[in-house]
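One letter stands for each residue in the lines below.
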Protein chains: 2
Amino acid sequence: MPRRGPFEDLLVVDLTRVLAGPFCTLLLADLGARVIKVEHPDRGDDARAIGPFVEGRSAYFMSLNRGKESIALDLHEPADREVFEALVARADVLVENFRVGVMGRLGYGWAALHARYPRLVYAAVSGFGQTGLAAMRPAYDIVVQALGGIMSLTGHPGSPPTRVGTSIGDIAAGLFTAVGIGAALHHRARTGEGSQVDVAMLDSQVAILENAIARFAATGVAPAPLGSRHPSITPFQAFAAADAHLVIAAGNDLLFARLCQALERPELPEDERFASNDLRSRNADALQAELEEALRPHSVAHWLERLAGAGIPCAPIQDVAQVLEDPQVQARNMVIRAVDAVAGAVTMAGNPVKLSGFPDPTERPAAPELDEGRERVRRELGLDGSQAAGSREGGGS
Amino acid sequence: MPRRGPFEDLLVVDLTRVLAGPFCTLLLADLGARVIKVEHPDRGDDARAIGPFVEGRSAYFMSLNRGKESIALDLHEPADREVFEALVARADVLVENFRVGVMGRLGYGWAALHARYPRLVYAAVSGFGQTGLAAMRPAYDIVVQALGGIMSLTGHPGSPPTRVGTSIGDIAAGLFTAVGIGAALHHRARTGEGSQVDVAMLDSQVAILENAIARFAATGVAPAPLGSRHPSITPFQAFAAADAHLVIAAGNDLLFARLCQALERPELPEDERFASNDLRSRNADALQAELEEALRPHSVAHWLERLAGAGIPCAPIQDVAQVLEDPQVQARNMVIRAVDAVAGAVTMAGNPVKLSGFPDPTERPAAPELDEGRERVRRELGLDGSQAAGSREGGGS
C-alpha cells in the first residue's frame, strides 16, 4: 500500500469549526493523518453555511475539509458521548477551537482527558488563549488583526484601516498549532506522555509582527503603514508602469545600479539622495518618482522581460485567476482538485509542505458530507452501528 | 535539570539567513532544540547588517536569532568542511535557505547528505521550491506577495498596490517548514528514515489565500481588495468613530440586531437592504454609512465599552506600542526580552506555541555573536579547538 504521508499512523479527532482549527487539521490530513471531524448533528461545521456555493455546497467548506471524515455527535447526549469517548480513546491527537471553558463544561477539558488518556495530544486554538483575563472573550479574525498590530502596519499612509486580504488571524494560529502538535508528538514518542498545545490567535499575530517590534524597541516610534514599501529596504515595492504596477526588489547597491542601468537612468546611484540603501529608504518618495518616470513609457510585460534579463528580482502583481494559471504554481502541484458528489470538481490550493518519499496527488478526496462516516466509525470502534442509528433518534437513550 | 521544550533532544544545523529560515529555526529553538547557526566567516547572516540598530547591534537579527549558537564556517575550505560534516553527522535536522543548487554544488545536496546520514531531516526553504522551471530564480518577500495573489486582495478598492505590512511571504514559508520538520521527525521516529522537506515561499502564499480561491472557483471572478471588509461577512470591518477607527464583528443576525440596539438604530435590521448577512454584504457601503453616522458622535473608548457590554465582538486598532502594553498579550508572555552583551535588554515577541509541562520564560538567551561557539562546538565534536583556530587562519590546511 502506498504511503500517504508521515502522519499516516495518526488518528485525529477534530472538533474544530470554520477556519483556524480546520486549517490546522487540513495540514494534518494532507500529511497523511486520518482526521475525523466531530460535528454538531443540527447543522455541522458553520463553514458549511458560508458561501460562495457551488450547487448548494460551500466551496469554502469543501476547500478546508477535503480528505477528512465526518461523524455527527451531540456531546450532551450520553449515547453520543459514548461514541466520542471510544474515539478519543483510540486517538493520537484532539484539536478543538471552542470558546475557552466549553470543553471543560462537557467534562472534556485538558485535565480530565489527560487523566484518562495520558498519551493524547490535546490542541486548543482560541482567540486569546486558555489563560489570562481575556481568555473568555470571543475573537474573530478582524478582532485579532486589529488588536495584534498587523492592521497598524498594512495600508497606505493616511488611508482608512486596511485588513490583510486573507484571514491571517486564523491562518497563522492554525499554522502555529500544527507546529505545536508536531512538537508534542515528538515529546510523546520519547516519553509516552501527551501534552496540551495552547495557541491563541492574538499571540500568533504578535509572533508574526517581524521587524515591527524590533523597530519600535530600537526607536520608540510605533511603525506606520507604508503602502507597498518595505520599511528598511529600498527600492522594494510596487511601481506604476504604463498599464499597471509591477514590484521590483533591488535591495542592495549592486542590484540598484543594475536597475538604474536597465531603466536608462545610470546617474541615479550617484545622486546623493540615493547613494546607499539607508539614504534610499529615507528618500523613498523621491526615488519612487524618479523610477516611475523612467517606467512610465512602457508596459509591465516590457519591464518584466527587460529587468529579469538584467537579473533584477521583479514580478507582476497577480490576481487569483493568474495565480492559478502560473506555470510554477502548477508545476509545484499547488492547484489541486477534489471531486464532490454534488458540486463536481472543485479547485483548491495544494499542500505546500513537500516531503521526499510521499505522494503529492493533484486529485484529493472530497470533503465529507455531514455524518457520512457514522456507521463506518462506529463499526471500527466495536459499537453496534444499527443500534447507534436508533439511539440517535431517541436522544439520550 | 528542567525541561527546555519538546525538541530538547534535537540538534539543528542552521544554514539559513535573514528571515524565512531563521524564523523556522527560531521556533525550533523556542521549542527546546539546540540550534547551531553556521554563518559565513566574512560577515555572517546578512540580517546582522539590517537595521534598526541598538548600540550597533541589529535589533532585527537579535529578535530572530535569540537562543541560537553560532559557528563561522567557509564551506569551500576543507578544514571548515570537516567541522561541518562532523556537525551534520550528529545533527537531527539541517535547515537551509540558499538559492536552489548552492548546496548541491558544495556537495551537500539532499541526495548526497541522505546517502551519508540517512536519519538526517533536511529542510530547504526557497523562493520557488526545488522543482519546476522557476526553481533557480531568486525570490524576495515582495516578489512572492505579488506573484502569490495576496497583494491583489489587500488594500482599498482603487488604491495603489498594498503589501501586507509584515513579511508574510517569508514568515508563512518558515511556518510551513516547521510543520514539515515536525512531520519528518515523526516519520523518522517510526522508521529511522530522514526526509527532505521542500517548502517554497510562493507555494506558501498560495496555501494561505483562504477563501479567495474558493470564491474564484465558484464565481469565475478574481476577488479584489476590500479595504478592511470581509468578503462574505458583514459587518466585519473597521468603522470611523469620533476620534479614530474601531473594528466590529457582528457576523450573524443576532449580533447585528444587538449592534443596532446598542447604536440606537433598532430599525436597521428591518431595512430590506440589511435583512440578512448576504444582503448586508451586497449593500456594505450603504450599511457602513448608516453605522458610521451612528458611531460618529462618540469616541472609540465609549463604543468599545458599550459594545463589549452588549456582547458584540469589537476592538481598537492597536499600534505596536499598544500591542506591547496589552494586558492579555503580556499575560500570555508574548512580550519577552533577551539581554545582549552590548545592546542590553531587547524586547521581542514571545513564542505563541504554549505547551503544558514546559517552561515559557520571559527572559531568553540572547542571539549569538558571530562564531561565538567555535571552540565549544569543536571540542564537543572531538576536534582540537586550538588547532582549529589556527587552521582557519591558514585556509585549507
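Residues numbered from 1 in each chain as written. Chains lettered and ligands numbered in written order. Predicted model: local features only at pLDDT ≥ 70, side-chain atom pairs only at ≥ 80, totals over all residues.

Draft legend 1. The arrangement of the overall build of chain A in detail. Helix and strand content of chain A: 18 helices and 15 strands. Structurally, chain A occupies a C-alpha span of about 85 × 45 × 40 Å along its principal axes. Counting across all 397 residues of chain A, residues that qualify as buried make up 55%. (Helix = DSSP H or I, 4+ residues; strand = E, 2+ residues; numbered from the N terminus. Buried ≥ 20, exposed ≤ 12 C-beta atoms within 10 Å, placed from the backbone.)

Draft legend 2. Representation of the sheet that holds strand E13 (residues 344-349) of chain B within the structure. All names here are of chain B. Spatial ordering of the open sheet is given by E13-E12-E15, a layout of 3 strands whose pairing is mixed. Since the sheet does not close on itself, it has two edges, and those belong to E13 and strand E15 (363-364), each with one partner. Pairing between strand E12 (residues 335-340) and E13: 6 bridges, direction antiparallel. By the bridge assignment for E13, Asp340 is matched with Gly344. (Pairing = 2+ DSSP bridges.)

Draft legend 3. Structural context of the packing of helix H8 (residues 168-191) of chain A against helix H8 (residues 168-191) of chain B. Between H8 of chain A and H8 of chain B, whose axes approach to 9 Å, the crossing angle comes to 25°. Here H8 of chain A is positioned roughly parallel relative to H8 of chain B, judged by the angle of their axes. For the crossing formed where H8 of chain A meets H8 of chain B, the hand is left-handed. The residues of H8 of chain B that touch H8 of chain A, namely those facing Ile168, Leu175, Ala178, Val179, Gly182, Ala183, Leu185, His186 and Ala189 of chain A, are Ile168, Leu175, Ala178, Val179, Gly182, Ala183, Leu185, His186 and Ala189 of chain B. Its residues placed into classes, the contact of H8 of chain A with H8 of chain B shows 14 nonpolar, 4 polar and no charged. (Axes fitted to C-alpha atoms, helices over the stretch in contact; angles between N-to-C directions. Parallel < 35°, antiparallel > 145°, perpendicular 65-115°, else oblique. Left-handed = near helix turned anticlockwise from the far one by under 90°. Contact = placed C-beta atoms within 7 Å. Nonpolar A, V, L, I, M, F, W, Y, C, P; charged D, E, K, R; others polar.)

Draft legend 4. Seen up close, the domain arrangement of chain A. Here the domain parsing of chain A yields domain 1 (11-208 + 328-393) and domain 2 (236-316). The distance between the C-alpha centroids of domain 1 of chain A and domain 2 of chain A comes to 44 Å. (Domains from an automatic or database assignment.)

Draft legend 5. Main features of the interface of chain A and chain B. The interface of chain A with chain B comprises 121 residues on the first partner and 121 residues on the second. With 15 residues, H8 of chain A is the single largest residue contributor to the side of chain A that touches chain B. Here the side of chain A that touches chain B is composed, by residue class, of 73 nonpolar, 37 polar and 11 charged. With 2 bridges joining them, strand E8 (residues 196-200) of chain A and strand E14 (residues 354-355) of chain B adopt antiparallel strand pairing. Paired with Val197 of chain A across the two strands is Leu355 of chain B, which belongs to E14 of chain B.

Draft legend 6. Highlighting unusual backbone geometry. Residues and elements named next belong to chain A. Looking along the chain, the bond that leaves Gly51 and enters Pro52 is cis, with omega of 0°. Looking at where Pro52 falls in the secondary structure, it is placed in the loop between strand E2 (34-39) and strand E3 (53-54). For Glu210, which is not a glycine, the phi torsion comes out positive at approximately 60°. Here Glu210 is to be found in the loop between helix H9 (201-207) and helix H10 (211-219). For Glu210, a count of 24 C-beta atoms within 10 Å translates into the label buried.

Draft legend 7. Region of interest: the relation of the copies chain A and chain B. Laying chain A over chain B is done by rotating through 180° and shifting 0.0 Å along the axis; what remains is an RMSD of 0.0 Å. With respect to symmetry, the two chain copies, as superposed, fit the operation of a two-fold axis. Both copies present the same face, since 100% of the interface residues in chain A are matched by interface residues at the equivalent positions in chain B. (Least-squares fit on C-alpha atoms with pLDDT ≥ 70 in both.)

Draft legend 8. Spatial organisation of the sheet that holds strand E6 (residues 93-96) of chain B. Strand order in this open sheet of 7 strands is E14(A)-E8(B)-E7(B)-E6(B)-E1(B)-E2(B)-E5(B), and the pairing throughout is mixed. A strand with exactly one partner marks an edge of an open sheet, and here the two such strands are strand E14 (354-355) of chain A together with strand E5 (69-72) of chain B. The sheet strands contacting helix H3 (residues 78-90) of chain B are strand E1 (11-14), strand E2 (34-39) and E6 of chain B, and the helix crosses E1 of chain B at an angle near 140°. The sheet contacts of H8 of chain B involve E14 of chain A together with E6, strand E7 (121-126) and strand E8 (196-200) of chain B, and relative to E7 of chain B the element is tilted by about 165°.

Draft legend 9. Fine view of H8 of chain A. Residues and elements named next belong to chain A. For H8, which comprises 24 residues, the first-to-last C-alpha distance of 34 Å matches the rise-based estimate of 34 Å (1.5 Å per residue) to within 8%. Within H8, 21 of the 24 residues are buried, which leaves the element mostly enclosed by the surrounding structure. Gly192 occupies a position one or two residues after H8 and carries a positive phi of about 80°. (Expected span 1.5 Å × (residues − 1).)

Draft legend 10. Seen up close, the confidence of the model for chain A. All names here are of chain A. When pLDDT is averaged along chain A, the result is 94, and 96% of the positions lie at 70 or above. Contacts from residues 387-397, a stretch scored under 50 in pLDDT, to residues over four places away or in other chains number 10 contacts. Here the predicted complex carries an ipTM of 0.96, next to a pTM of 0.96. (pLDDT = per-residue confidence, 0-100.)

Draft legend 11. Just the environment of Pro316 of chain B, in detail. Considering the arrangement of structural elements, one finds Pro316 of chain B in strand E11 (residues 314-316). Sequence separation between Pro316 of chain B and Val346 of chain B is 30 residues, and the spatial gap between their C-alpha atoms is 26 Å. Leave out the neighbours within four places in its chain, and Pro316 of chain B touches Ala146 of chain A together with Leu246, Val300 and Leu304 of chain B.

Draft legend 12. View of the packing of helix H1 (residues 20-30) of chain B against H8 of chain B. Residue and element names in this part refer to chain B. Orientation of H1 relative to H8, taken along the N-to-C sense of each, is 45°, at an axis distance of 7 Å. Taken together, the axes of H1 and H8 lie oblique to each other. Of the two possible hands of crossing, H1 and H8 adopt the one that is right-handed. Residues Ala20, Gly21, Phe23, Cys24, Leu27 and Leu28 of H1 pack against Asp170, Ile171, Ala173, Gly174, Thr177 and Ala178 of H8. Residues that form the contact of H1 with H8 fall into these classes: 8 nonpolar, 3 polar and 1 charged.

Draft legend 13. How the structure looks around the pairing of E8 of chain B. All names here are of chain B. Across the 5 residues of E8, 5 count as buried, placing the element largely inside the fold. Side-chain alternation along E8 places Gln196, Asp198 and Ala200 on one buried face and Val197 and Val199 on a second face that is also buried. In this sheet, E8 lies alongside E7 in parallel orientation, the contact comprising 5 bridges. Residue pairing in the sheet places Val125 in a bridge with Val199 of E8.

Draft legend 14. Expanded view of the environment of Phe176 of chain B. Within the secondary structure layout, Phe176 of chain B lies in helix H8. The sequence separation of Phe176 of chain B and Ser204 of chain B amounts to 28 residues, and the corresponding C-alpha distance is 7.2 Å. Those residues in contact with Phe176 of chain B that lie beyond four places of it in its chain are Pro352 and Val353 of chain A together with Val199, Ser204 and Ala207 of chain B.

Draft legend 15. Layout of the environment of Ile336 of chain A. Residue and element names in this part refer to chain A. Tracing the backbone through its elements, the reader meets Ile336 in strand E12 (residues 335-340). Remark: the alpha-carbon pair of Ile336 and Glu363, spanning 27 residues in sequence, is separated by 5.9 Å. With near-sequence residues (within four places) excluded, Ile336 lies in contact with Met348, Gly350, Thr362, Glu363 and Arg364.

Draft legend 16. Local environment of helix H14 (residues 300-309) of chain A. All names here are of chain A. Looking only at H14, the buried set comprises Val300, Trp303 and Leu307. Here the buried residues of H14 occupy an arc of 65° about the axis, which is enough to place them on one side. Taken together, the buried residues of H14 touch strand E10 (245-249), helix H11 (253-262), helix H13 (284-295) and strand E11 (314-316). Positioned one or two residues after H14, Gly311 has a phi angle of 75°, which is positive. (Arc of directions from axis to C-beta.)

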